[in-house]
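# Geometric and topological summary
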Amino acid sequence: MDYQKIASDVYNLAESDDPIAPIVREALQVIEQCLGQYGQDHVSLSFNGGKDCTVLLHLYAAVLARKVPSPHNPIFALYIPDPSPFSALEEFVKIATQDYLLDLFTCHLSSDIQLPVESVTPGVSTPTALKGSSDYIGHSLQTRPVGAARGGEGMRRALELYKLRFPDIQAILVGTRRTDPHGTTLSYRNVTDPGWPAFERINPIINWAYSDIWAFLRKLKVPYCTLYDEGYTSLGSTYNTLPNPALLVKDSDSSHTLPSSLTVVANNPNAMCFVESTPPKSSLTDIGPFTIIADNPDQICLADPVSDLRESESPRSTLGPFQVLVSDPNTQCQGEVNDRSVNGVRLPPRYRPAYELQDGALERAGRVSGRVISEV
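In what follows, the accompanying structure is described. Since the model is a prediction, treat every value here as computed from it, not as a measurement. (Residues numbered from 1 in each chain as written. Predicted model: local features only at pLDDT ≥ 70, side-chain atom pairs only at ≥ 80, totals over all residues. Heavy atoms only, no water.)

### A short note on the packing of helix H1 (residues 3-14) against helix H3 (residues 51-67)
One can describe the packing of H1 onto H3 by two numbers: an axis separation of 8 Å at closest approach and a directional angle of 105°. Our classification of the angle between H1 and H3 gives roughly perpendicular. Residues Tyr 3, Gln 4, Ile 6, Ala 7, Ser 8, Val 10 and Tyr 11 of H1 pack against His 58, Leu 59, Ala 61, Ala 62, Val 63, Ala 65, Arg 66 and Lys 67 of H3. By residue class, the composition of the contact of H1 with H3 is ten nonpolar, three polar and two charged. (Axes fitted to C-alpha atoms, helices over the stretch in contact; angles between N-to-C directions. Helix = DSSP H or I, 4+ residues; strand = E, 2+ residues; numbered from the N terminus. Parallel < 35°, antiparallel > 145°, perpendicular 65-115°, else oblique. Contact = heavy atoms within 4.5 Å. Nonpolar A, V, L, I, M, F, W, Y, C, P; charged D, E, K, R; others polar.)

Have a look at this one:
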């Protein structure tokens, strides 16, 4: 990862006339002030592979490259896994750790009871079953709400573990936004509640909207977890996280969907046929004209399987006209789109990528109600 290029790209964006430039400048100033007060050796970053903390990591890397004499030390970071995390998310955390040179500490809590990482409902008590537990780190648990911010007990215990291991860390950069659970009243900087480990939580992107996150990631081509390309918009545990139903591709949605396969039929079973798409010219709802390439005018040709055009760089492109090229112009052919099934088995539903969600208020629509485990 080229830190100097990151700094150049981010600071140039902040000084541009781009719509997100003001909030990028704002975030950089918050990080710069934190770094100026505490120094890199006393600042850590909460990173769990989600989109928000990925933005924050990229911003922090830019500030370090601009403000810290080279070569700078690895970035202190903290990872608090959700119960049953997605394997793709864990893989992205590993990749980001290598790319950004993170000194990442993973807080694995030793408990037979899985605890929420964040966002328990108001008034919910600390589990009495854990009271006096021998594997609890710190003082005895009390049966009461866990602080004014009502963060999860798992989060509190993880931070206590981190404080024990890294007592010099005084501030933690967090990717919380105003629309996150319990983010409404937060400011750029908030100390932890009484009874929690003593840290200052720094929230540089607190005023960013959902659309701002994706504008930043895509404009600067920042790598992110692949789950977001599969329709997930807010990542938590596999227990409570599904693709966002607002991004479901409907069969009738011809502006976003492509046929799962294409069958080209000619008159002779021995022919060789090739199917290739031409650049889409309009939002056509049909396949469009066909041309054929085959060695024999009397044959049956099957273009099966056909490359899935949804994997192209332009996932929103429409099918447009197809050309099936044939060596004999007299061959009689027809093309048809098959339904999304293989050997009679219905294929799973498809979802548009997270950055296509138009209404940021639906960001958490894929999160199952109940125990909510928020993105940090």
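Still to come is the rest of the account.
### Overview of the sheet that holds strand S4 (residues 171-173)
If you walk across this open sheet you meet the six strands as S3-S2-S1-S4-S6-S5, and the pairing is mixed. Lying at the two open borders of the sheet, with one neighbouring strand each, are strand S3 (102-106) and strand S5 (189-191). Shown here is a sheet whose adjacent strand axes are inclined to one another by a mean of 30°, direction ignored. Pairing of strand S1 (residues 43-46) with strand S2 (residues 75-79) involves two bridges; the strand directions are parallel. Along S2, the bridge assignment pairs Leu 45 with Ala 77. (Pairing = 2+ DSSP bridges.)

### Focus: the environment of Ile 213
For Ile 213, the position within the fold is in helix H6 (residues 210-219). For Ile 213, a relative accessible area of 0% gives the class buried. For Ile 213 and Tyr 355, which are 142 residues apart along the polypeptide, the C-alpha to C-alpha distance reads 8.9 Å. Excluding residues that lie within four positions of it along the chain, Ile 213 makes contacts with Lys 51, Asp 52, Val 55, Arg 177, Ile 205 and Trp 208. (Buried < 20%, exposed > 50% of the residue type's maximum accessible area, 1.4 Å probe, protein only.)

### Let's talk about the pairing of S2
Counted residue by residue, S2 has five buried out of five residues, so it is predominantly covered. Side-chain alternation along S2 places Ile 75, Ala 77 and Tyr 79 on one buried face and Phe 76 and Leu 78 on a second face that is also buried.

### Concerning the nonpolar core
The biggest cluster of nonpolar side chains holds 63 residues, and the ones touching the most others in it are Val 24, Leu 59, Trp 208 and Phe 216. Mapped by element, the contributors of at least two residues to this core are H1, helix H2 (21-38), S1, H3, S2, helix H4 (87-99), S4 and H6. Looking at which element gives the most residues to this core, the answer is H3, with eleven residues. Every residue in contact with Leu 59, bar those within four places of it in the chain, is listed here: Val 10, Val 24, Ala 27, Leu 28, Ile 31, Ile 205, Trp 208 and Phe 216. (Core = buried A, V, L, I, M, F, W, Y, C linked by side-chain atoms within 4.5 Å.)

### Concerning unusual backbone geometry
Phi angles above zero are rare outside glycine, and Leu 101 is one such case at about 60°. Tracing the backbone shows Leu 101 in the loop between H4 and S3. The backbone of His 182 shows a phi angle near 65°, a positive value even though the residue is not glycine. Within the secondary structure layout, His 182 lies in the loop between S4 and S5. On the accessibility criterion, His 182 (29% relative accessible area) is partly exposed.

### Some details on the packing of aromatic side chains
Evaluated as defined, the whole model comprises twelve aromatic pairs. Geometrically, the ring pair formed by Phe 86 and Tyr 232 is edge-to-face, given 5.3 Å between the ring centres and 70° between the ring planes. In this pair, Phe 86 sits in the loop between S2 and H4 while Tyr 232 sits in the loop between H6 and strand S7 (262-265), placing the two residues 146 residues apart along the sequence. Residue Phe 86 is classed as buried on the basis of its relative accessible area, which comes to 11%. Pairing Phe 105 with Tyr 162 gives two aromatic rings, centres 5.9 Å apart and planes at 35°, and the pair type is tilted. Remark: Tyr 162 occurs in helix H5 (residues 153-165) and Phe 105 occurs in strand S3; sequence separation between them is 57 residues. Accessibility expressed as a relative area gives 15% for Phe 105, which makes it buried. Since its relative accessible area comes to 0%, Tyr 162 is described here as buried. What links up through ring pairs into an aromatic cluster is the set Phe 76, Phe 105, Tyr 162, Phe 166 and Phe 199. (Phe/Tyr/Trp six-rings, centres within 6.5 Å; stacked < 30°, edge-to-face > 60°.)

### Some words on the side chain of Arg 156
With respect to the helices and strands, Arg 156 occurs in helix H5. Polar side-chain contacts of Arg 156 include one of 3.1 Å to the backbone oxygen of Gly 195. (Polar contact = N/O pair within 3.5 Å; in protein donor to acceptor, adjacent residues only side chain to side chain.)

### Quick word on the packing of H2 against H3
Axis angle and axis distance: for two packed helices, these are the angle between their axes and the distance between the axes, and together they describe the pair. It is the contact of H2 with H3, at a shortest axis distance of 10 Å, that shows an interaxial angle of 60°. For the element pair H2 / H3, the angle class is oblique. Crossing hand, H2 versus H3: right-handed. Together, Val 24, Ala 27, Leu 28, Ile 31, Glu 32 and Leu 35 of H2 and Leu 56, Leu 59, Tyr 60, Val 63, Leu 64 and Lys 67 of H3 make up the contact between the two elements. Of the residues that constitute the contact of H2 with H3, the class distribution is ten nonpolar, no polar and two charged. (Left-handed = near helix turned anticlockwise from the far one by under 90°.)

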